[in-house]
Amino acid sequence: MTAQRHAEIFALVQNNIYEVLPDVEGREIKPGDRLTDLGANSVDRAEIVMLAMEALSLHIQRVELSGVKNVGELVDALYAKSHGQ
Amino acid sequence: MWGNWSMPSMPSRMDSDLFVTGCGVLSAVGQGKDAFLAALLAGDQAFGVMERPGRNNGTAFLGAELSALDMPERFPGKLLRTVGLSGRAALLTLHEAWEEARLLDADPLRIGLVVGGSNIQQRELALKHETYQGRLDYLPPTYGLSFMDSDLCGLCSEQFGIRGLAHTVGGASASGQVAVIEAARLVRSGEADICIAVGALTDLSYWELQGLRSLGAMGSDRFAGEPALACRPFDERRDGFIFGEACGAVVVERRATAAERGVEPYAKLAGWAMALDGNRNPDPSAAGETRAIEQALTRARLTAPQIDYVNPHGTGSGVGDPVELAAIRGCGLDRAAINATKSITGHGLAAAGTVEVVATLLQMKASRLHPTRNLEQPLDPEMNWVRDKAVTQEIGHALTLSVGFGGVNTALCLSATES
């Protein structure tokens, strides 16, 4: 179930990326992709994270995600937080 | 002394005469110059109960709302996702003015932008407040950008590559004309070679509408059953302004810079003035409006009998309309033809002054003056009203007027380029 939950969060983040960055819609997002390389500026990155937090009902300070390097790490962080870690 | 060989273009570039060389407009009766002029001349209207989200909340205010905006492909979907109605309207009108004035061929470092309006995105903010009340943690980060009016400066300068200067100016319902005046000042002072004035779409929520109603400025529900009759500037049965979404943009520069791009001016910005009443309140003053008109005429080196057409502020306000007519008549402008653009568009608030400069320019170019809707019993029947139908008239010199809460009075003279 854990792997399934992780995959669900990845799919959620992918949809958030498509919403904020319509130009990449339909393109497969890989865990190693960096949001910047997908065309996101700092505001876009904040919007993507906020949409995911809202969908998962999470409360995460921006600073807690400052070390996140790519989509996979963002999903890991959201997954960890959603499991109270 | 220095010889003029080094900068041969200097004399003409330093010529003090300023011109409007491009314009763009949006209103509920027409989007773009051609549709707008056609709607003005036909005396169209688009009034009804306003239905935009964030504008009702149990109310049923009358007004005129834009139909869906057709955004050009130059604006990416990624951008538009976070741009509200005021921002989209600014981009669209600026695009129209930009293309017409061929500003792609101008030096972006020498282009300036002045956005007229304050607190222009209130409806978008009210919607966000409703949506995120009690869930503040999820407020979209772009709220931190869009609550500021200067967001429109950032948005427009980014999308058009403007690199000179940009700022907002406020003057309540005169904001749009104050922006044109400020653009003229910036070109005249040499801070910019070309300056664009945008009269921003004032996106009211039910809060501002209710405030304007409570203040007695906005019209009542008397014509709720017949919205087309509600907006009636200068008519005996008026009882306040009726809101209308609108946005306008004009490009101001000297003839020499326009000629470098092969652009023909619409008209000369012959003179302008701003005069204050020293009054925080909404009530107008004939003395203040008179001073603005007289100073604008003096600076344009014109006399009242030379003015062929007056585009008044004319909102349908109980007190404002007769005061304005008293000032116009007192200045000896009773010979000039007069109509009321707001009878067709509604009152665009911050946008109005710019939209009415555009309306004046388009009428001058077409040698046609639009009718005034609902002018059944004019306050001053002896004025030279354009009432039921558009008329053909050559306009050598025109005067357009704006008035704003807080005692703001502005006047702007536009002269045909031949004169």
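Residues numbered from 1 in each chain as written. Chains lettered and ligands numbered in written order. Predicted model: local features only at pLDDT ≥ 70, side-chain atom pairs only at ≥ 80, totals over all residues. Heavy atoms only, no water.

J.: Looking at this structure, how should I read the interface of chain B and chain A?
T.: The parts lose accessible area when they come together, and the size of an interface is often stated as this lost area. Between chain B and chain A, the contact holds 13 residues from the first and 17 residues from the second. Taken together, both faces of the contact between chain B and chain A bury some 1,200 Å²; the carbon and sulfur share is 54%. Applying the counting criterion to the chain B and chain A interface returns four salt bridges. For E54 of chain A, the salt bridge identified is with R135 of chain B, shortest N-O distance 2.9 Å. Applying the counting rule to chain B against chain A returns six residue pairs in polar contact (both at pLDDT 80 or more). Its residues assigned to classes, the side of chain B that touches chain A comprises six nonpolar, three polar and four charged. (Contact = heavy atoms within 4.5 Å. Buried area = accessible area lost by both parts, 1.4 Å probe. Salt bridge = Lys/Arg side-chain N within 4 Å of Asp/Glu carboxyl O. Polar contact = N/O pair within 3.5 Å; in protein donor to acceptor, adjacent residues only side chain to side chain. Nonpolar A, V, L, I, M, F, W, Y, C, P; charged D, E, K, R; others polar.)

J.: Would you explain helix 2 (residues 33-42) of chain B in this entry?
T.: Because each turn of an α-helix spans 3.6 residues, side chains separated by three or four positions in sequence point in the same direction. Residues and elements named next belong to chain B. Along helix 2, the positions that sit buried rather than exposed are K33, F36, L37, A39 and L40. Summarising the axial view, the buried residues of helix 2 lie within an arc of 165 degrees, below the 170-degree limit, and thus occupy one face. Turned more than 90 degrees away from the buried face of helix 2, the exposed residues are D34 and A42. Residues of helix 2 that are buried make contact with strand 1 (18-27), strand 2 (30-31), helix 4 (85-100), helix 13 (342-345) and helix 14 (352-366). Just downstream of helix 2, G43 is the residue with a positive phi angle, here 65 degrees. (Buried < 20%, exposed > 50% of the residue type's maximum accessible area, 1.4 Å probe, protein only. Helix = DSSP H or I, 4+ residues; strand = E, 2+ residues; numbered from the N terminus. Arc of directions from axis to C-beta.)

J.: I would appreciate a short explanation of the layout of surface pockets in the present structure.
T.: Empty pockets left among the atoms are what a rolling probe the size of a water molecule brings to light. Residues and elements named next belong to chain B. The volume enclosed by the largest pocket comes to roughly 700 Å³. Contributing to the lining of the largest pocket are 36 residues, with S173, L212, F241, L349 and F405 lying nearest its centre. Of all the secondary structure elements, the ones that give two or more residues to the lining of the largest pocket are helix 9 (206-214), helix 12 (320-330) and strand 16 (397-404). When its residues are assigned to classes, the lining of the largest pocket shows 13 nonpolar, 17 polar and six charged. There are two domains that each give the lining of the largest pocket at least three residues, and those are domain 1 (17-260) and domain 2 (267-416). (1 Å grid on protein atoms, 1.4 Å probe; cavity = no way out; pocket = protein on both sides within 12 Å on 5 of 7 lines; lining within 4 Å. Points joined across faces, edges and corners; volume = space filled by probe spheres on them. Domains from an automatic or database assignment.)

J.: Quick question: what am I supposed to make of the packing of aromatic side chains here?
T.: All names here are of chain B. The full count for this structure, using the stated rule, is five aromatic pairs over all chains. Each ring, one from F75 and one from F160, has its centre 5.9 Å from the other, and the planes form 65 degrees; the classification is edge-to-face. Of the two residues, F75 is situated in the loop between strand 4 (62-64) and helix 3 (77-80) and F160 in helix 7 (residues 151-160); the sequence distance between them amounts to 85 residues. Taken as a pair, F75 and F160 share a single burial class, namely buried. (Phe/Tyr/Trp six-rings, centres within 6.5 Å; stacked < 30°, edge-to-face > 60°.)

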